[in-house]
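Overview (structure and organization)
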Amino acid sequence: FDISAIPVDDRRTFDLITAGKTEGVFQLESGGMRQTLMQMKPERIDDIIAAIALYRPGPMDSIDKFIARKHGREKTVYTIDALRDILDVTYGCIVYQEQVMEMTKSLAGYSLGSADLLRRAMGKKIKEEMKRQRVIFKDGCLKYHNIDEETSMKIFDLMEKFANYGFNKSHAACYAWVCYQTAYLKCHYEKEYMSSLLTSVLDNQSKLGRYMAECIKNGIKNGN
């Protein structure tokens, strides 16, 4: 068995995640995350990446909108059409730090370095720097796309709100791959996986009890 060689599109694994049977699965154990995944119904790794990034204080308010748009219950709309190419993969929602940087580059003419400085200033809530950046962003949006001040400030406010602990996609992707791997193991090698999981938490009575209860619920008993 080679964990690095498992298929990335295993239907049973995605069914397990969609069913919320993720006790013992990396990053997917909490009640809130389970509920999010049950509503999202992941069909590919990219969906798990998005869920990991969305379930953070910054973009969390967009979870319901993302899910509704993913399943066609709500139309995907963009503040301005210039955002379509940047936000189309996330149904018009800001989900990743890279999207914030791309928005500042594309709309306001920031360099990659300047875009990263803005991202960091947003994350650290540096008031004086944010005042300065508002003017730079507003002027850039007007210069490069003739975007009026009201619209540019609306976009800036959305980015600033997201920056309250948003994830970069590469970070979320690494987490999501381990999520998928552990879900795959639980799905296809449940006894071995749960045995290893129990061994790893022998010094944590709370988790030990939870995982033992999960084993009993799924028909796994001592010596079986």
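Before any of the text, the structure's been laid out above.
Residues numbered from 1 in each chain as written. Predicted model: local features only at pLDDT ≥ 70, side-chain atom pairs only at ≥ 80, totals over all residues. Heavy atoms only, no water.

1. Thoughts on the state of the cysteines
Our working definition: In this description, a disulfide is simply a cysteine sulfur pair whose atoms lie within 2.5 Å. Burial status follows relative accessibility: with a 1.4 Å probe on protein chains alone, a residue under 20% of its type maximum counts as buried, one over 50% as exposed, and anything between as partly exposed.
Within the structure shown, the criterion is met by zero disulfides. Just so you know, Cys141 is unpaired, no disulfide at all, and the nearest cysteine sulfur is the one on Cys93, 20 Å from it. With a relative accessible area of 0%, Cys141 lands in the buried category. You can see Cys174 has no disulfide; the closest cysteine sulfur is in Cys179, sitting 11 Å from it. Looking at Cys174, the relative accessible area reads 51%, which means it is exposed.

2. Looking at unusual backbone geometry
Under the convention used in this document: Per the convention used, a helix needs a DSSP run of H or I reaching at least four residues, while a strand needs a run of E reaching at least two, with both numbered from the N terminus.
For Lys125, which is not glycine, the phi dihedral falls at a positive 55°. Along the chain, the position of Lys125 falls in the loop between α7 (112–124) and α8 (127–145). The class for Lys125 is exposed, based on a relative accessible area of 52%. Phi is positive for Asn146, close to 55°, though the residue is something other than glycine. Tracing the backbone through its elements, the reader meets Asn146 in the loop between α8 and α9 (149–162). What makes Asn146 exposed here is its relative accessible area of 64%.

3. What to know about the pattern of salt bridges
Side chains that differ in sign of charge can pair as their charged atoms come close. Heads up, the condition is: Note on definitions: salt bridges are taken to be side-chain nitrogens of Lys or Arg within 4 Å of carboxyl oxygens of Asp or Glu.
On inspection of all chains with the given rule, the structure shows 21 salt bridges. The partner of Asp157 in a salt bridge is Arg134, with the nearest N and O atoms 2.4 Å apart. With Asp157 in helix α9 and Arg134 in helix α8, this residue pair connects regions lying 23 residues apart in the sequence. Taking relative accessible area as the criterion, Asp157 reaches 37% and is therefore assigned partly exposed. Looking at Arg134, the relative accessible area reads 26%, which means it is partly exposed. Between Lys186 and Glu214 there is a salt bridge, and its shortest N-O distance comes to 2.6 Å. Remark: Glu214 occurs in helix α12 (residues 205–217) and Lys186 occurs in helix α10 (residues 169–188); sequence separation between them is 28 residues. For the pair Lys186 and Glu214, a shared accessibility class is recorded, and that class is buried. Here the salt bridges share partners, and the residues they tie into one network are Glu43, Arg44, Asp46, Asp47 and Lys70.

4. Some words on the nonpolar core
We apply this condition: To define a nonpolar core, start from buried Ala, Val, Leu, Ile, Met, Phe, Trp, Tyr and Cys residues and group those joined through side-chain atoms within 4.5 Å.
Formed by 32 residues in total, the largest nonpolar core has its most connected members in Leu28, Ile48, Ile52 and Phe66. Those elements that provide at least two residues to this core are α1 (11–18), α2 (31–40), α3 (45–54), α4 (63–70) and α10. Ranked by the residues each element gives to this core, the list is headed by α3, at eight residues. Ranked by size, the runner-up nonpolar core spans 26 residues in total, among them Val100, Met103, Cys141 and Met159.

5. Overview of the layout of surface pockets
For the record, the criterion: Cavities and pockets were defined on a 1 Å grid built over protein atoms only: a cavity is a set of grid points that admits a 1.4 Å probe from which the probe cannot escape, a pocket is an open set flanked by protein on both sides within 12 Å along at least five of seven lines, and lining residues are those with an atom within 4 Å of any such point. Grid points are joined across faces, edges and corners, and a volume is the space filled by probe spheres set on the points. Each residue receives one of three labels: charged for Asp, Glu, Lys and Arg, nonpolar for Ala, Val, Leu, Ile, Met, Phe, Trp, Tyr, Cys and Pro, and polar for the others, Gly being one of them.
As a volume, the largest pocket reaches approximately 380 Å³. The wall of the largest pocket is formed by 19 residues, among which Ser62, Lys65, Gly92, Ile94 and Leu158 lie closest to the centre. For the lining of the largest pocket, the elements supplying multiple residues, two or more each, are α4 and α9. Among the elements that line the lining of the largest pocket, the one with the most residues is α9, at four residues. Across the lining of the largest pocket, the residue classes tally to ten nonpolar, four polar and five charged.

Geometric descriptors of this kind do not, in isolation, establish any biological role.
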